[in-house]
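Structure at a glance
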Amino acid sequence: MILLKLGGSIITNKERPLSPRTKTIDSIAKKLRKIKEPIIIVHGGGSFGHYWSVKYDMHTKPAKYNYHGVAVVKNSMVELNKMILDNFAKNRLNPYCLPPTDFMSGNKPIISKIKEIRKIAESNLVPISYGDALWYGQKKSYILSGDRIMSILAKILRPRLSIFVLNVDGLYSDFKTKSLIYDMKGNQASIHDIPMDVTGGMKRKVEEASTIANMGLKVFFVNGNKPQRIVDAIQKNKFEGTVFRG
Ligand code: IPE
């Protein structure tokens with residue numbers, strides 16, 4: 001089974017609020033058609049949910065965030081999710097809409113529901129979940145990122161490969177040779193060795209990716225502007241991007 005996250009930076013134009021990158025979504029969906037293995041998709045918020053969460057100062061830590069903020073983040077994620085669903089359906093991928101409230105209670109995963117996702121993926125459906133603003137309890141809410149959903153699902157489902165689709169080629173270990181392979185044998189601390197301008201967003205991805213790699217699972221960062229690379233990794237074991245190994 002494959003677990004694949006479509007980052008907000010690849011499916012939306014992060015420079016402009018509420019702007020999807022429709023052509024990119026379509027070209028990725030067309031490539032995913034070639035994959036015969038069960039696949040679960042998670043997508044990010046980009047210039048939809050992420051944009052509003054910044055505007056309303058909402059974070060991953062549970063707190064009493066502005067309720068209007070919760071509402072607009074959720075609404076914008078439904079809107080972005082609908083665009084992905086429509087595109088995937090048009091491309092005959094049989095998307096199965098899976099809001100994170102289907103398998104989360106507060107900030108705890110519902111194990112039986114997550115096991116059900118495997119069954120859905122093994123039929124001819126493609127479960128599609130997404131980062132969102134979630135109710136936590138005691139009048140609090142929190143942002144559940146798509147990256148965090150990746151490690152929650154990976155822990156229970158143990159996919160053969162977890163892929164993060166980004167808007168860049170990967171993480172450069174050496175800028176001169178453009179060597180892109182990391183052997184993440186270490187722990188979280190090794191993240192700090194990554195010689196790059198680690199933005200908040202990228203740092204979180206690297207953290208979740210190393211959490212998954214430390215479960216003994218393989219993780220791959222790939223450029224979604226070259227969607228054939230996704231197919232090559234899955235079908236040919238050819239990795240043009242960054243590989244994390246546990
Ligand atoms: C979006 O998920 C969470 C929201 C703010 C609704 P991500 O945090 O995984 O989104 P991207 O991929 O970084 O945009």
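Look a little higher up for the structure.
As a starting point, this report considers the structure included with it.

Calculation criteria
Residues numbered from 1 in each chain as written. Predicted model: local features only at pLDDT ≥ 70, side-chain atom pairs only at ≥ 80, totals over all residues. Heavy atoms only, no water. Helix = DSSP H or I, 4+ residues; strand = E, 2+ residues; numbered from the N terminus. Buried < 20%, exposed > 50% of the residue type's maximum accessible area, 1.4 Å probe, protein only. Contact = heavy atoms within 4.5 Å. Areas by Shrake-Rupley, 256 points an atom, 1.4 Å probe, with all protein chains shown as cover. Salt bridge = Lys/Arg side-chain N within 4 Å of Asp/Glu carboxyl O. Core = buried A, V, L, I, M, F, W, Y, C linked by side-chain atoms within 4.5 Å. Axes fitted to C-alpha atoms, helices over the stretch in contact; angles between N-to-C directions. Parallel < 35°, antiparallel > 145°, perpendicular 65-115°, else oblique. Nonpolar A, V, L, I, M, F, W, Y, C, P; charged D, E, K, R; others polar. Pairing = 2+ DSSP bridges.

Re the overall build of the protein
- Within the protein, the secondary structure is distributed over eight helices and 11 strands.
- When the 246 residues of the protein are sorted by exposure, 50% land in the buried category.
- Within the protein, contacts between residues at least 6 apart in sequence are counted, and of these 74% link residues at least 24 apart.
- Here the protein has roughly 11600 Å² of accessible surface; of this, 52% comes from carbon and sulfur atoms.

Quick notes on the pattern of salt bridges
- Using the criterion set out here, one finds 13 salt bridges in the structure.
- In this structure, Lys5 engages Asp147 in a salt bridge whose closest nitrogen and oxygen atoms are separated by 2.6 Å. Within this pair, whereas Lys5 is found in strand β1 (residues 2-6), its partner Asp147 is found in helix α6 (residues 146-157), the two being separated by 142 residues in sequence. Both residues of the pair, Lys5 and Asp147, count as buried.
- Ionic pairing is found between Lys238 and Asp232, a salt bridge with its closest N-O pair at 3.5 Å.
- Exposure remark for Lys238: the relative accessible area of 44% places this residue in the partly exposed category.
- Accessibility expressed as a relative area gives 9% for Asp232, which makes it buried.
- One network of salt bridges, in which partners are shared, links Lys5, Asp147, Arg204 and Lys205.

Re the nonpolar core
- If you look at the biggest cluster of nonpolar residues, it comprises 31 residues, and the most contacted ones within it are Leu4, Leu32, Ile41, Phe88, Ile163, Val165 and Ile230.
- When residues of this core are assigned to their parent elements, the largest contribution, five residues, is made by helix α4 (residues 67-90).
- Not counting chain neighbours up to four residues away, the residues in contact with Ile230 comprise Leu4, Ile28, Leu32, Ile163, Val165 and Val222.
- Grouped together as the second largest cluster of nonpolar side chains are 30 residues, Ile117, Ile149, Met202 and Phe244 included.

So, the packing of helix α5 (residues 111-122) against α6
- Axis separation between α5 and α6 bottoms out at 10 Å; the angle between their running directions is 80 degrees. The angle between the axes of α5 and α6 places the two elements in the roughly perpendicular class. Of the residues in α6, those touching α5 at Ile111, Ile114, Lys115, Ile117 and Arg118 are Ile152, Leu153, Ile156 and Leu157.
- Across the contact of α5 with α6, the residue classes break down as seven nonpolar, no polar and two charged.

Digging into helix α2 (residues 22-32)
- Those residues of α2 that fall on the buried side of the exposure criterion are Thr24, Ile25, Asp26, Ile28, Ala29 and Leu32.
- Check the buried side of α2 and you find it contacts β1, α1 (8-11), β2 (39-43), α4, β9 (161-166) and α8 (228-236).

A few points about the pairing of β1
- Along β1, five of the five residues are buried, which leaves the element largely enclosed by surrounding structure.
- Burial along β1 is two-sided: Ile2, Leu4 and Leu6 facing one way and Leu3 and Lys5 facing the other are all buried.
- Where β1 lies against β2, five bridges are found, and the strand directions are parallel. When the sheet's bridge partners are listed, Ile2 is paired in β2 with Ile39.
- Bridge analysis of β1 against β9 gives five bridges, and the strand direction is parallel. Paired with Leu6 across the bridge in β9 is Val165.

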